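Chain by chain, the residues:
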Amino acid sequence: LRDTPAGPIMANTSLSESQVEMIETTWAAAMDLGEETVGVLLFKHIFEIAPGALEMFSFSGEDLETSASFKNHAVGVVKTVSVAVGMLHKLDELVPVLQDLGTRHVGYGVAAEHYPVVGKALLMTLDKGLGSAFTLDVKEAWTTLWNIVALTMMDTHYEA
């Protein structure tokens, strides 16, 4: 267990087959809203939870409503989530991708306490985008997935 200001990240988590199916189905439903819509909403939630996080990005001085670089970054993150969701049946291939992503994020100045913020923002985004389809079981599946992603990305980069 890593406790951070935005909440704990649990170790030793795994996904059941039914959770993988829920994640795949609900992500497909979220993608019906469009990558840009989901990405912009995700980042608005991140900046709502942690306003100072905006300063970490090159688009921090821009109007987010019209910023092409903001929207491109948001879409890129959503595409990365889509790749990860698509690889849930190939964890042996997904793990090194996430470890590499974590290494790159250390270079961007991402700290361990940022991971729960993104996880909370992801859940808020899915809740808003999926509405009544965002059940407690779906929330639990996505929470478990985020814990796996965050722990894998953080790997050996941060002290426990």
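Just so it is clear, the model here is predicted, and its values are computed rather than measured.

Asks: Give me the environment of Glu 140: which residues, what numbers.
Replies: Mapped onto the elements, Glu 140 comes out in helix H6 (residues 136-154). Between the C-alpha atoms of Glu 140 and Leu 123, which are 17 residues apart in sequence, the distance is 9.7 Å.

Asks: With reference to specific residues and values, describe the packing of aromatic side chains.
Replies: In this structure the tally under the stated criterion is eight aromatic pairs. Plain terms: the ring middles of Trp 27 and Trp 142 are 5.6 Å apart, the flat faces sit at 50° to each other, and that makes the pair tilted. Here Trp 142 lies in helix H6 and Trp 27 lies in helix H1 (residues 17-31), a separation of 115 residues in the sequence. Each member of the pair Trp 27 and Trp 142 is classed as buried. On the numbers, 5.1 Å between centres and 65° between planes, the contact of Phe 59 with Phe 70 is edge-to-face. Placement of Phe 59 in the loop between helix H2 (35-49) and helix H3 (68-86) and of Phe 70 in helix H3 is noted, with a sequence separation of 11 residues between them. Among the residues examined, Phe 70 registers a relative accessible area of 1% and is labelled buried. Through pairs of rings, three or more aromatic residues link up here, namely Phe 43, Phe 47, Phe 57, Phe 59 and Phe 70.

Asks: Describe in detail the layout of surface pockets, supporting the description with residues and values.
Replies: Volume-wise, the largest pocket comes out at about 810 Å³. Contributing to the lining of the largest pocket are 30 residues, with Phe 43, Val 77, His 105, Val 118 and Met 153 lying nearest its centre. Sorting the residues of the lining of the largest pocket by element identifies H2, H3, helix H4 (91-107), helix H5 (114-130) and H6 as the ones contributing at least two each. The leading source of residues in the lining of the largest pocket is H3, at seven residues. Per-class residue counts for the lining of the largest pocket are 24 nonpolar, five polar and one charged.

Asks: Please give an account of the pattern of salt bridges that cites residues and values.
Replies: By the definition in use, this model includes two salt bridges. A salt bridge links Lys 44 to Glu 65; the shortest N-O distance between them is 2.6 Å. Highlighted residues: Lys 44 in helix H2 and Glu 65 in the loop between H2 and H3, separated in sequence by 21 residues.

Rules used in this analysis
- Residues numbered from 1 in each chain as written.
- Predicted model: local features only at pLDDT ≥ 70, side-chain atom pairs only at ≥ 80, totals over all residues.
- Heavy atoms only, no water.
- Helix = DSSP H or I, 4+ residues; strand = E, 2+ residues; numbered from the N terminus.
- Phe/Tyr/Trp six-rings, centres within 6.5 Å; stacked < 30°, edge-to-face > 60°.
- Buried < 20%, exposed > 50% of the residue type's maximum accessible area, 1.4 Å probe, protein only.
- 1 Å grid on protein atoms, 1.4 Å probe; cavity = no way out; pocket = protein on both sides within 12 Å on 5 of 7 lines; lining within 4 Å.
- Points joined across faces, edges and corners; volume = space filled by probe spheres on them.
- Nonpolar A, V, L, I, M, F, W, Y, C, P; charged D, E, K, R; others polar.
- Salt bridge = Lys/Arg side-chain N within 4 Å of Asp/Glu carboxyl O.

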